[in-house]
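Inside the fold
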Amino acid sequence: QVQLVESGGGLVQAGGSLRLSCAASGSIFSIDAMGWYRQAPGKQREFIAFITSGGSTNYADSVKGRFTISRDNAKNTVYLQMNSLKPEDTAVYYCNAGDYSRGVNYWGKGTLVTVSS
C-alpha cells in the first residue's frame, strides 16, 4: 500500500503562483510514476502531469509552459509548481502514484486550488 498526502492548495489571484506537494509513504519502492490530476466542479478528473522514477515528465497541453512537476527522492515527495495561474485552473488537485507491474493506482484526498479573477 502507498499513502499520498497533498498540501499547498489555497486561494490565489490570477497570474499568481502556488506549489503543491505530495508526500508518499508506505510501499514506495513499488511506484513507477507519480503525477497530478485535477477535477473542477461539474467536470471529469483530468490529467495534468506525471514524472517517472527515471525523471521523465509529461504534461497536459493546458498547463505546458506554466506548470512544472519535480520530485525529491530523499523526501519521497513530488511537487507541482504552478505559475501564471488562471481562473480555469480552479479545481481540486489530486496526487497519483502508479504501480505498473501490479496495475494499481493510488490517490491522495486532494487539495483545493482556487484562482480568482
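The text that follows walks through the structure, step by step, so that each part is easy to find.

Conventions adopted
Residues numbered from 1 in each chain as written. Predicted model: local features only at pLDDT ≥ 70, side-chain atom pairs only at ≥ 80, totals over all residues. Heavy atoms only, no water. Pairing = 2+ DSSP bridges. Helix = DSSP H or I, 4+ residues; strand = E, 2+ residues; numbered from the N terminus. Axes fitted to C-alpha atoms, helices over the stretch in contact; angles between N-to-C directions. Buried < 20%, exposed > 50% of the residue type's maximum accessible area, 1.4 Å probe, protein only. Polar contact = N/O pair within 3.5 Å; in protein donor to acceptor, adjacent residues only side chain to side chain. Contact = heavy atoms within 4.5 Å. Salt bridge = Lys/Arg side-chain N within 4 Å of Asp/Glu carboxyl O. Phe/Tyr/Trp six-rings, centres within 6.5 Å; stacked < 30°, edge-to-face > 60°. Lys NZ or Arg CZ within 6 Å of the ring centre and 35° of its normal.

So, on to the sheet that holds strand 1 (residues 2–7). Ordered in space as 1-3-8-7, the 4 strands form an open sheet in which the pairing is antiparallel. Whereas interior strands pair on both sides, the edge strands pair on one side only; in this sheet they are strand 1 and strand 7 (67–72). On average, adjacent strands in this sheet sit at an angle of 20° to one another, irrespective of strand direction. Looking at chain direction, strand 3 (residues 18–26) and strand 8 (residues 77–82) are connected through 6 bridges and run antiparallel. Bridge pairing in strand 8 links Cys22 to Val78.

Here Arg66 shows up in the loop between strand 6 (57–59) and strand 7. A relative accessible area of 11% means that Arg66 is categorised as buried. Only 2.7 Å separates the side chain of Arg66 from the side chain of Asp89, close enough to count as a polar contact. Apart from the residues lying within four places of it in its own chain, the contact partners of Arg66 are Gln81, Met82, Asn83, Ser84, Leu85, Lys86 and Asp89.

Under the counting rule described, the total for this entry stands at 5 salt bridges. With its nearest N and O atoms 2.6 Å apart, the salt bridge here joins Glu46 to Arg38. For Glu46, a relative accessible area of 34% puts it in the partly exposed group. Between Lys64 and Asp61 there is a salt bridge whose closest N-O contact spans 3.3 Å. For Lys64, a relative accessible area of 48% puts it in the partly exposed group.

For the coordinates displayed, the defined rule picks out 3 aromatic pairs. Ring centres of Tyr37 and Trp107 lie 5.0 Å apart, and the angle between their planes is 70°; this geometry places the pair in the edge-to-face category. Residue Tyr37 is located in strand 4 (residues 33–39), and its partner Trp107 is located in strand 10 (residues 104–107); the two are separated by 70 residues in the primary sequence. With a relative accessible area of 37%, Trp107 lands in the partly exposed category. Taken together, a centroid distance of 5.9 Å and an interplanar angle of 50° make the contact between Phe47 and Phe50 tilted. A relative accessible area of 27% places Phe50 in the partly exposed class. Cluster of aromatic residues (ring-pair linked, three or more members): Tyr37, Phe47, Phe50 and Trp107. Lying across the ring of Trp107, Arg45 places its NZ or CZ 4.6 Å from the centre.

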